[in-house]
Amino acid sequence: MMRAMRQSLAAYGFLFPWLIGLLVLTLGSFMFSIYLAFTNYDLISSPTWAGVSNFKSLFSDHLFYTSLKVTLLYVVVSVPLRLIFSLLVAALLNQEIAGIGIYRVIFYIPSLIGTSVGVAIMWQNIFSRNGLFNLILQSIGMAHPPAWVSDPQYAIYVLVLLSIWQFGSEMIIFLAGLKQIPDSLYEAAAIDGANRLNQFFHVTLPMLTPMIFFNLVMGTINAFMVFTQGFVITHGGPINSTMFYVLYLYKQGFEYFHMGYAAAMSIVLLVIVGVFAGFLFLTSKFWVHYEGEEGGK
Amino acid sequence: MKRRPKPIKLLVIHVIMIILSIIIIYPILWMLFASFKPMTEIFSSASLLPKHWTLEHYTAGWQGVGGYTFTTFFRNSLILSVLVVIGSLFISTLTGFAFARLKFKLRSLLFMFMLMTMMLPMQITLIPQYIIFHKLGWVNTFLPLVVPSFVGVSITPFFIFLMVQFVRGLPKELDEAATIDGCNTLQLFLRIILPLSKPALITVSIFAFYWTWDDFFSQLIYLNNPDKFTVSTGLNMFLDNSGNSQWGDLFAMSILSILPVIILFLFLQKHFVKGIATTGMKG
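In this report, the structure presented in the accompanying data block is examined. (Residues numbered from 1 in each chain as written. Chains lettered and ligands numbered in written order. Predicted model: local features only at pLDDT ≥ 70, side-chain atom pairs only at ≥ 80, totals over all residues. Heavy atoms only, no water.)

1. Some details on the layout of surface pockets
Reasoning step 1: Of the pockets and cavities examined, the second largest pocket occupies roughly 550 Å³.
Reasoning step 2: Along the walls of the second largest pocket sit 17 residues, with Arg-3 and Gln-7 of chain A together with Leu-102, Thr-179 and Thr-185 of chain B positioned nearest its centre.
Reasoning step 3: Only helix 1 (2-37) of chain A together with helix 9 (173-180) and helix 10 (185-196) of chain B provide two or more residues apiece to the lining of the second largest pocket.
Reasoning step 4: Top element by residues in the lining of the second largest pocket is helix 1 of chain A. It accounts for five residues.
Reasoning step 5: Of the residues in the lining of the second largest pocket, the class split is six nonpolar, four polar and seven charged. (1 Å grid on protein atoms, 1.4 Å probe; cavity = no way out; pocket = protein on both sides within 12 Å on 5 of 7 lines; lining within 4 Å. Points joined across faces, edges and corners; volume = space filled by probe spheres on them. Helix = DSSP H or I, 4+ residues; strand = E, 2+ residues; numbered from the N terminus. Nonpolar A, V, L, I, M, F, W, Y, C, P; charged D, E, K, R; others polar.)

Given below as structure tokens:
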């Protein structure tokens with residue numbers, strides 16, 4: 001009994017810094033955020049109670065809907081494409097081929113630096129009117145290519161492409177997952193007459209579902225938080241076509257100092273991301289297979 | 001699972017991979033070589049190699065904007081990243097050890113909280129945290145960027161999780177033997193667990209370093225004065241203040257900004273791969 005208590009005490013000693021962070025910066029901030037959402041606050045004068053007015057103006061703010069639409073488009077297009085792409089490349093790489101190490105290094109480098117400002121500058125230039133991409137298009141005979149980043153129709157897809165370019169970290173997770181699939185499963189499938197394609201859909205894919213699920217959840221959350229690309233490359237434009245949700249939140253909070261409004265926005269964002277993640281978790285029991293699970297198909 | 005493919009299939013795979021590699025790496029190589037091209041050459045051809053090599057973009061770019069040079073930005077980024085590495089090591093080892101090895105009340109509840117903070121994006125608590133740090137007078141110092149890592153907030157939940165997984169993998173008999181030898185919990189942590197955790201500590205350090213180096217959002221929010229700017233915010237200021245004639249300088253500084261991370265990766269590849277695979281798979 002004494003020993004158990006002593007260990008409990010020691011544990012809380014070890015956890016002390018983390019507990020402060022949890023209580024003040026995470027839970028405390030979260031409560032504070034809810035309070036702020038119901039106030040008007042500009043950082044200088046004290047917050048004044050505003051009731052639900054922030055939420056009311058939010059739901060009649062057309063830029064809020066624009067930012068939501070832009071972000072949803074970005075999430076729905078970039079996350080699945082990036083997943084499929086990383087999965088395909090991982091499946092191709094998971095063979096006994098020479099030089100796999102070099103390919104892996106090259107494919108991983110973009111995800112290492114992809115969210116940095118340096119790469120944003122590079123991307124902006126490549127997809128500008130006179131950038132590298134158009135030089136290439138012109139050299140293969142396309143006379144008047146669009147000015148990608150400054151064209152409201154295409155700007156968002158330039159940023160989607162930047163996200164897909166960073167498929168390397170997902171690919172590494174898939175490669176690690178592929179290595180864990182026992183040969184015996186493939187041998188058994190081959191004896192049952194399954195060809196390579198059948199094996200992929202009935203052995204490889206089901207065995208990879210935990211990694212697919214993880215990448216899907218984390219990829220979705222991260223895509224909702226996209227900021228740097230929209231801020232540096234397009235400044236949210238042209239005509240708000242890349243006004244991501246967090247970018248708009250940043251503008252409300254740190255350009256107009258509408259702290260209450262920004263707090264309300266962050267709560268709405270949490271609810272939206274929560275709904276998405278919750279939906280993925282709920283559906284996961286129908287399609288995610290965990291090893292050692294009995295009777296799983 | 002590895003299978004040896006037939007020669008023709010092998011050739012097809014190599015061709016696909018080589019084409020893909022070229023497409024993926026071409027933008028970076030293009031920027032690298034463009035940074036050595038005279039201004040007139042940058043936008044005139046898609047060819048990779050410069051006809052005339054020049055270092056002028058590096059010398060001119062390094063001068064930065066308005067008297068703030070990249071010496072300042074690199075120094076700030078380096079200081080900040082190192083401090084966050086220290087904070088990450090501190091919090092991930094203490095917390096990871098407690099969750100992996102010690103029994104205490106509320107353990108499963110607190111562990112659940114830990115997993116939740118891993119999924120909770122910093123953007124959600126950004127506004128209240130900013131107000132707290134603003135009231136403390138910490139805005140425009142490194143404190144709001146460093147202190148959270150010492151108390152397990154911002155990027156560190158991933159590292160705590162990584163440490164929990166790692167320490168759980170160490171044989172439990174070590175603890176028993178150490179306890180019989182008269183070690184208390186602190187000695188067990190310092191003398192047994194920490195030295196054995198070296199691989200995990202390296203992984204944590206690498207990720208803490210490069211995530212901080214690449215970070216832009218929180219540095220943009222908390223650092224207002226150019227003398228506190230990092231490479232990320234310095235580059236952003238440079239971009240805002242430069243005309244079309246300065247693309248070469250921007251490329252040169254962008255290349256320098258991503259170089260440390262790429263070098264780190266090339267030398268410590270194994271740790272990168274392991275870090276992604278362990279936090280990734282067990283999530």
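Once the structure has been displayed, the description carries forward.
2. Comments concerning the side chain of Asp-175 of chain B
Reasoning step 1: Tracing the chain through its elements places Asp-175 of chain B in helix 9.
Reasoning step 2: Discounting residues that sit within four places of it in the chain, Asp-175 of chain B has contacts with Arg-101, Leu-188 and Ile-193 of chain B. (Contact = heavy atoms within 4.5 Å.)

3. Some points on helix 5 (residues 117-126) of chain A
Every α-helical turn comprises 3.6 residues, leaving residues that sit three or four positions apart pointing alike.
Reasoning step 1: Counted residue by residue, helix 5 of chain A has ten buried out of ten residues, so it is predominantly covered.
Reasoning step 2: Those residues of helix 5 of chain A lying buried are Val-117, Gly-118, Val-119, Ala-120, Ile-121, Met-122, Trp-123, Gln-124, Asn-125 and Ile-126 of chain A. (Buried < 20%, exposed > 50% of the residue type's maximum accessible area, 1.4 Å probe, protein only.)

4. So, a nonpolar patch on the surface
Residues and elements named next belong to chain B.
Reasoning step 1: A contiguous nonpolar patch, built from Leu-78, Ile-79, Val-82, Leu-83 and Ile-86 and spanning about 370 Å² of accessible area, is present on the exposed surface.
Reasoning step 2: Secondary-structure assignment places Val-82 in helix 4 (residues 70-101).
Reasoning step 3: Looking at Val-82, the relative accessible area reads 39%, which means it is partly exposed. (Patch = residues over 30% accessible without salt bridge, like charges linked within 9 Å, V, L, I, M, F, W, Y side chains within 5 Å. Areas by Shrake-Rupley, 256 points an atom, 1.4 Å probe, with all protein chains shown as cover. Salt bridge = Lys/Arg side-chain N within 4 Å of Asp/Glu carboxyl O.)

5. Describing the nonpolar core
Nonpolar side chains tend toward joint burial in soluble globular proteins.
Reasoning step 1: Among the nonpolar cores identified, the biggest contains 194 residues, and Trp-18, Leu-93 and Phe-107 of chain A are the most heavily contacted of them.
Reasoning step 2: Those residues in contact with Leu-93 of chain A that lie beyond four places of it in its chain are Ile-100, Tyr-103, Phe-107, Met-171 and Leu-175 of chain A together with Met-17 of chain B. (Core = buried A, V, L, I, M, F, W, Y, C linked by side-chain atoms within 4.5 Å.)

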